[in-house]
Amino acid sequence: MTPQAKIEILQHLIQIPSVNAHEADVADYLASLFAPYPQAQVERLTYAPGRDNLVVTIGNTTGPRLGLSGHMDVVAPGDESAWTHAPFGGEVVGDQLFGRGASDMKSGLAAIVITMLEFLEQGTPLAGSVRLLATVGEETGEYGAAQLTDAGYADHLAGLVIAEPSGLDQVVYTARGVIDYKVVSTGKGVHSASPELGINAITNLMKFYNAVGPLMAQHTKIDPVLGGLLHNVDLISGGEQINSIPAHAELMANMRTIPAYPNQVIYDELEGLVAQLNQEPGVQLDLTYSFPEEAIPGDPNAPLVQLAKQISDQVCGHDTKVVGSGGANDGAEFLRAKGDFTSIEIGPGSNTSHQPDEYIAIQDYLQAIDFYEALVPAFFAAQAKVHA
């Protein structure tokens, strides 16, 4: 495949506005690229109308299986007047290709797809199989990865490479988890001239707010790579008007967890606090979570981690760092699958993810393809030595 053809595939992906939805349009396009190769097994798993996960498997299914993963959704472009280049134009200027998802993460997705296509095109013999896991909904909760995991598509992988935009000079082997939660306070609305007849939902919500900060601050362990536990109340709303006692109030908080504190520890503490406060007269608090993810512990010396570093050093000519990530990724869901395997994150990107004029350097994008095409056979060769 020519460099121009590789660039055009990425442009086409960016021109599909899969903003927190419409991933089926991306899946349609990717599936069409594999259509000329009957030896490629193409499967789809629908999450919701217009939202299909895509799974493509190639190679020798009797050998070990390496997963290559990328998400098909992107975040919204925001105020398009802040963009110099159309967010869904895929415009090329010099060595830069612009558009929403150019960095996060359609360049990584395109690179792993092209890697598989070139193996098919060139008839490359593989000592194992490669499975593309293209997911929906990563930006809003990793629920495509959760669905694929529950359906068994990640079972018994020998390794997993997620093409998130770490930069090719970094291998991410560990990552924070996340807990997003909401607390709703229900009271009784009355005229503010007679507050004794009502129940102030804001007052009761503030009881939780004032208690949860000190409770979470007791978690003082520090991960040497990821740092400490993070807890931030980011949204608070309540009340109807200035002269009415509020009958409803709510807050939402975001937590970034570390391996030292599994999510269940946090659930137990939050639920215990809510139960304690609900014992007080007039207090009615309800706690819910949205798409929590466990932290990924990882091992910097795991064979896949070190192999990815070695291949990146060779292909890209730099010293690749082995690092942790403050953000969650689909690996947290895939690691729930049957079997014991290492998940890493390495892919092309820039520091413009989620920003206006998001871009990828074309040289980095093309180099990422070279990296994945070298990593896959090296991984299978390493697996053969282990099991020899």
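In the annotation of an unreviewed UniProt entry, the entry for the chain reads Probable succinyl-diaminopimelate desuccinylase, and the organism field reads Levilactobacillus zymae. Annotation of the chain in UniProt includes, under Pathway (unreviewed entry), the sentence "Amino-acid biosynthesis; L-lysine biosynthesis via DAP pathway; LL-2,6-diaminopimelate from (S)-tetrahydrodipicolinate (succinylase route): step 3/3." The UniProt entry for the chain carries the following comment under Catalytic activity (unreviewed entry): "N-succinyl-(2S,6S)-2,6-diaminopimelate + H2O = (2S,6S)-2,6-diaminopimelate + succinate".

Trainee: Looking at this structure, how should I read the packing of helix H1 (residues 3-14) against helix H2 (residues 23-34)?
Mentor: Two numbers describe a pair of packed helices, the interaxial angle and the distance between the axes. One way to put it is that H1 packs onto H2 with a least axis distance of 10 Å and a crossing angle of 155 degrees. By the angle between their axes, H1 is roughly antiparallel relative to H2. For the pair H1 and H2, the crossing hand works out as right-handed. Facing H1, whose interface residues are Glu8, Ile9, His12 and Leu13, H2 presents Val26, Tyr29, Leu30 and Leu33.

Trainee: I keep staring at the sheet that holds strand E9 (residues 177-186) and nothing clicks. Help me out?
Mentor: Strand pairs in the sheet, formed through backbone hydrogen bonds, run parallel or antiparallel to each other. Spatially, 4 strands are ordered E12-E13-E9-E14 in an open sheet, and the strand pairing comes out antiparallel. The sheet is open, and its two borders are formed by strand E12 (230-238) and strand E14 (285-293), each paired with just one other strand. This sheet shows a mean twist of 15 degrees between the axes of neighbouring strands, independent of strand direction. Bridge analysis of E9 against E14 gives 7 bridges, and the strand direction is antiparallel.

Trainee: Any chance you could explain the packing of aromatic side chains here in plain terms?
Mentor: Working definition: an aromatic ring pair is given by the centre-to-centre distance plus the angle between the planes. All chains considered together, the criterion is met by 6 aromatic pairs. For the pair tyrosine 47 and tyrosine 143, a centre-to-centre distance of 4.6 Å together with 20 degrees between the ring planes defines the contact as stacked. In this pair, tyrosine 47 sits in strand E1 (residues 41-48) while tyrosine 143 sits in helix H4 (residues 143-150), placing the two residues 96 residues apart along the sequence. Tyrosine 143 sits in the buried class, given a relative accessible area of 11%.

Trainee: Please clarify how helix H3 (residues 106-122) should be interpreted in this entry.
Mentor: Helical geometry: 3.6 residues make up each α-helical turn, so side chains three or four residues apart lie on a common side. Taking 1.5 Å as the rise per residue, H3 with 17 residues should run 24 Å; its terminal C-alpha atoms sit 24 Å apart, in good agreement. Just past H3, the residue glycine 123 takes up positive phi, approximately 65 degrees.

Trainee: Mind showing me how you'd approach helix H7 (residues 303-316) here?
Mentor: Over its 14 residues, H7 extends 19 Å from the first C-alpha to the last, a length consistent with the 20 Å expected when each residue adds 1.5 Å. Restricting attention to buried positions, one finds in H7 the residues Leu304, Val305, Leu307, Ala308, Lys309, Ile311, Ser312 and Cys316. Residues of H7 that are buried sit in contact with strand E7 (159-162), strand E8 (170-175), strand E15 (321-325), strand E16 (343-345) and helix H9 (362-386). After H7 finishes, the residue glycine 317 shows a positive phi value of roughly 70 degrees.

Trainee: Just checking my understanding: could you explain unusual backbone geometry for this structure?
Mentor: A negative phi angle characterises most non-glycine residues, just as the trans form characterises most peptide bonds. Cis geometry marks the peptide bond from aspartate 104 to methionine 105, where omega comes out at -10 degrees. Tracing the chain through its elements places methionine 105 in the loop between strand E5 (96-98) and H3. One non-glycine residue, glutamate 142, lies in positive phi territory at about 60 degrees. Topologically, glutamate 142 is positioned in the loop between strand E6 (129-135) and H4. Positioned with a positive phi, histidine 156 is a non-glycine residue whose angle comes to about 60 degrees. Along the chain, histidine 156 falls in the loop between H4 and E7.

Analysis parameters
Residues numbered from 1 in each chain as written. Predicted model: local features only at pLDDT ≥ 70, side-chain atom pairs only at ≥ 80, totals over all residues. Heavy atoms only, no water. UniProt positions renumbered as here; feature names shortened; annotations may be inferred. Axes fitted to C-alpha atoms, helices over the stretch in contact; angles between N-to-C directions. Helix = DSSP H or I, 4+ residues; strand = E, 2+ residues; numbered from the N terminus. Parallel < 35°, antiparallel > 145°, perpendicular 65-115°, else oblique. Left-handed = near helix turned anticlockwise from the far one by under 90°. Contact = heavy atoms within 4.5 Å. Pairing = 2+ DSSP bridges. Phe/Tyr/Trp six-rings, centres within 6.5 Å; stacked < 30°, edge-to-face > 60°. Buried < 20%, exposed > 50% of the residue type's maximum accessible area, 1.4 Å probe, protein only. Expected span 1.5 Å × (residues − 1).

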